[in-house]
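Secondary and tertiary structure notes
What follows is the residue order along each chain.
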Amino acid sequence: MTAHASVLLPTYPDNWKRRHLLDLESLSAEEIVTILDTAESLYKAYTAAGQKLSLLNGRTIANLFYENSTRTRNSFSLAAKRLGADTVEFASSSSSVSKGETYIDTAKTIEAMGVDAVVTRHATPGTSHLLAQHLNCSVLNAGDGPHEHPTQGLLDILTIRQHRPNFKDLTVALVGDIAHSRTARSNIWGLKKLGAHVIVCGPATLVSRKWESLGVEVAHNLDKILHRCDVLNLLRIQFERQDTRPFPSVREYALLYAMNSERMKNSKPNILIMAPGPINRGVEITPEVADGPHSVILEQVTNGIAIRMAVLWLLLGQSKRTTPAIRQYEGVRT
Ligand code: CP
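Basis of the calculations
Residues numbered from 1 in each chain as written. Predicted model: local features only at pLDDT ≥ 70, side-chain atom pairs only at ≥ 80, totals over all residues. Heavy atoms only, no water. Core = buried A, V, L, I, M, F, W, Y, C linked by side-chain atoms within 4.5 Å. Buried < 20%, exposed > 50% of the residue type's maximum accessible area, 1.4 Å probe, protein only. Helix = DSSP H or I, 4+ residues; strand = E, 2+ residues; numbered from the N terminus. Domains from an automatic or database assignment. Near = heavy atom within 4 Å. Polar contact = N/O pair within 3.5 Å; in protein donor to acceptor, adjacent residues only side chain to side chain. Areas by Shrake-Rupley, 256 points an atom, 1.4 Å probe, with all protein chains shown as cover. Nonpolar A, V, L, I, M, F, W, Y, C, P; charged D, E, K, R; others polar. Pairing = 2+ DSSP bridges. Axes fitted to C-alpha atoms, helices over the stretch in contact; angles between N-to-C directions. Contact = heavy atoms within 4.5 Å. Buried area = accessible area lost by both parts, 1.4 Å probe.

1. A closer look at the nonpolar core
Core analysis: the largest hydrophobic core is formed by 89 residues, its most contacted members being I35, L154, V200, L232, I273 and L312. Of all the elements, helix α11 (residues 297-316) adds the most residues to this core, at 12 residues. Both of domain 1 (2-149 + 301-329) and domain 2 (150-299) provide at least three residues apiece to this core. Counting residues in each nonpolar core, the second largest holds 16 residues, with A62, F90, I104 and A132 among its members.

As structure tokens, then:
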């Protein structure tokens, strides 16, 4: 730890080598634990300081979002500012995308303004990996279609660890629209690496047997698995990614899968109720459960800032500023 305006900051981990955060599939358990530990240390330091930390002073982070967001976008922005960085906010709807500019040209244009990291969300799987091949700066995946949402996975896992530190004894059920969920994939990769037992549960149209190949248990009847679950992560039905309805009606889905007071009575007494958000009250969760004593949904949101502070600092904290905009001006006479 080093001193910073009378607070202790974490020491930059010697073993951290990554420049991008694209998924949890490629991270080791050790790297995941480093991010979780860094998140807690940085958030404590920020809280103790009562002011912005200066760890990323002079750095700029661009949010390049092609899909809507409340939590991820705002928390990346706040995380960057709490580390002393500047931010650029890009929204495709009000940009030159409407004039035909491509995703990569848009990202390169933003990079040429001198940004150190691009945080990107896009409906197409693999887009953040593509950007990492075309840009010199760091790339962070804020959700690529149904593929991965690594910072969501990390903030979910941090929230679980704060309540249930021993992953090897845990059964975590991801309930709902597994087929279209990037949160499910990132949770599965991260939780399995830390040793948890993971169940994916939902209608057969949204949870196929192929998930077993990732080492998870597949279930279609929530009431039959509930008594074994330490954590339930309730995922939204992503109608926007579906051409046809995967079940006859929302009411029928809620009857079979919504977490409600009746199901709480049949759960473990200390069950944790989570949801990545946005939540649809009355569909995957009823208001009394969402707002009840077992719910950690708003803790997840707070942990989103801590995790995003950690990944921004780990990716940028020791790197040199080598963006094209910096290089262009290195040789200019004054
Ligand atoms: N959980 C999540 O990604 O929320 P947003 O879409 O609001 O960012």
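Still to come is the rest of the account.
2. Quick look at the site of the ligand
S69, T70, R71, T72, R121, H149, Q152, P276 and G277 make up every residue found near the ligand. In the environment of the ligand, an oxygen atom lies 2.6 Å from a nitrogen or oxygen atom belonging to the side chain of T72. Here a nitrogen atom of the ligand and a backbone polar atom of G277 are 3.1 Å apart. Taking 260 Å² as the accessible area of the ligand by itself, protein coverage stands at 91%. For the shell around the ligand, the per-class residue count stands at 1 nonpolar, 6 polar and 2 charged.

3. As for the sheet that holds strand β6 (residues 138-144)
Sheet strands line up and pair through hydrogen bonds in the backbone, either parallel or antiparallel. Sheet architecture is open: 4 strands sit in the order β4-β3-β5-β6, paired in parallel fashion. Edge positions in the sheet fall to β4 (86-91) and β6, since each of these pairs with one other strand and no more. The mean angle between the axes of side-by-side strands here comes to 15°, regardless of whether they run parallel or antiparallel. With 5 bridges connecting them, strand β3 (residues 60-65) and strand β5 (residues 117-122) associate as parallel partners. Counted as the bridge partner of A62 is V118 from β5. In the packing of helix α2 (residues 71-82) onto the sheet, the strands contacted are β3, β4, β5 and β6, and the crossing angle to β4 comes to about 160°.

4. As for the domain arrangement of the chain
When the domains of the chain are assigned, the result is domain 1 (2-149 + 301-329) and domain 2 (150-299). Averaged C-alpha coordinates put domain 1 and domain 2 at centres separated by 27 Å. Listed as interface residues are 35 residues of domain 1 and, on the opposing side, 29 residues of domain 2. Contact between domain 1 and domain 2 buries roughly 2700 Å² in total, counting both sides, with carbon and sulfur atoms accounting for 60%.

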